[in-house]
Amino acid sequence: MAKRGRMGKRAQMHLPMEMIFTMLIIAVFLVVVFFVIQRFLEVKRCADIGLFSRQLQESVDEVWKSQEASTFFEREMPSGLKYACFADLKQGLNLESVDADSREEISGVYESLSAYFKYREANFFLYPWKNACSMAAMDLKHISLAGKSNPLCFSEDNGKVRIRLVKGFNDALVRIGS
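Structural notes, computed from the coordinates. (Residues numbered from 1 in each chain as written. Predicted model: local features only at pLDDT ≥ 70, side-chain atom pairs only at ≥ 80, totals over all residues. Heavy atoms only, no water.)

Pairing is antiparallel across the open sheet formed by 4 strands, whose spatial order is β4-β3-β2-β6. The two strands at the open ends of the sheet, each matched to only one other strand, are β4 (137–138) and β6 (152–155). Inspection of the sheet shows strand β2 (residues 83–86) paired to β6 by 4 bridges, in the antiparallel sense. In the strand pairing of β6, Ala-84 is matched with Phe-154. (Pairing = 2+ DSSP bridges. Helix = DSSP H or I, 4+ residues; strand = E, 2+ residues; numbered from the N terminus.)

Spelled out as structure tokens, the structure:
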């Protein structure tokens, strides 16, 4: 009978080690799964940003090719972004047409953009640029920023952004937001 007791203790010793090893494997598996899911969500967000910028350029091109047009570019703003801004960073800050409540925030947006993108040839920016997957600045073709506030920012509202695109009969370029 004494032998039987010893084997029982040895068998009990192996079972917890197997359970610990199994739990360790499960924990590693869950960490890897979490990392992969997080990475896929990041790739999706970056793809959404690229698609947003491409669709904006396509809408501008469509308005530019027409003789006269006035339309809205209304799309879902990629997650993590607060503003879609048009700016000429070589010119100074101009907040004349910005309402008093937003001036301080838009001024901060301009300072951040000009500090980071000052020497880059771009006129369209996504803010906060750190959340834009290295696609925060883009040079949109066929647009005119003359006579507008600098920067001209459109904030996301309920996850969407709405930008007016206008081209008059005698206009060579598309005007933004007027």
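Anyway, onward from the coordinates.
Nonpolar side chains collect at one region of the surface, where Leu-24, Val-28, Val-32, Phe-35, Val-36 and Phe-40 lie side by side and expose about 600 Å² of accessible area between them. Tracing the sequence through the fold places Phe-40 in helix α1 (residues 2–65). By relative accessible area, Phe-40 is classed as exposed at 59%. (Patch = residues over 30% accessible without salt bridge, like charges linked within 9 Å, V, L, I, M, F, W, Y side chains within 5 Å. Areas by Shrake-Rupley, 256 points an atom, 1.4 Å probe, with all protein chains shown as cover. Salt bridge = Lys/Arg side-chain N within 4 Å of Asp/Glu carboxyl O. Buried < 20%, exposed > 50% of the residue type's maximum accessible area, 1.4 Å probe, protein only.)

With that settled, the discussion passes to the nonpolar core. Grouped burial of nonpolar side chains is what soluble globular proteins tend to show. Core analysis: the largest hydrophobic core is formed by 43 residues, its most contacted members being Phe-86, Leu-113 and Ile-163. Sorting the residues of this core by element identifies α1, β1 (69–76), β2, α2 (103–117), β3 (124–127), β6, β7 (160–167) and β8 (174–176) as the ones contributing at least two each. The element contributing the most residues to this core is α1, with 6 residues. In this structure Leu-113 touches Cys-85, Leu-89, Lys-118, Phe-125, Leu-126, Tyr-127 and Trp-129, once residues within four positions along its chain are discounted. (Core = buried A, V, L, I, M, F, W, Y, C linked by side-chain atoms within 4.5 Å. Contact = heavy atoms within 4.5 Å.)

Our next topic: unusual backbone geometry. Here the bond from Tyr-127 into Pro-128 is cis, since omega is 0°, no more than 30 degrees from zero. Tracing the backbone through its elements, the reader meets Pro-128 in the loop between β3 and β4. Across the junction of Asn-150 and Pro-151, the peptide omega takes the value 10°, indicating a cis bond. Position of Pro-151 relative to the elements: it lies in the loop between β5 (143–144) and β6. You will see that His-142, though not glycine, has its phi angle at about 70°, which is positive. A positive phi is found at Asn-158, a non-glycine position, where the angle reads about 55°. Topologically, Asn-158 is positioned in the loop between β6 and β7.

The next subject is the packing of aromatic side chains. The full count for this structure, using the stated rule, is 9 aromatic pairs. Each ring, one from Tyr-83 and one from Tyr-127, has its centre 6.4 Å from the other, and the planes form 40°; the classification is tilted. Highlighted residues: Tyr-83 in strand β2 and Tyr-127 in strand β3, separated in sequence by 44 residues. The same class applies to Tyr-83 and to Tyr-127, which are both buried. Clustering of aromatic rings is evident, with ring pairs tying together Phe-52, Phe-73, Phe-86, Phe-124 and Phe-154. One residue, Arg-162, lies across the ring of Phe-72, its end atom 3.8 Å from the ring centre. (Phe/Tyr/Trp six-rings, centres within 6.5 Å; stacked < 30°, edge-to-face > 60°. Lys NZ or Arg CZ within 6 Å of the ring centre and 35° of its normal.)

Attention shifts here to the pattern of salt bridges. Evaluated as defined, the whole model comprises 7 salt bridges. Lys-44 serves as the salt-bridge partner of Asp-48, at 2.7 Å between the closest nitrogen and oxygen. Of this pair, Asp-48 and Lys-44 both sit in helix α1, 4 residues apart, roughly one helical turn. By relative accessible area, which is 29% here, Asp-48 ends up partly exposed. A relative accessible area of 48% means that Lys-44 is categorised as partly exposed.

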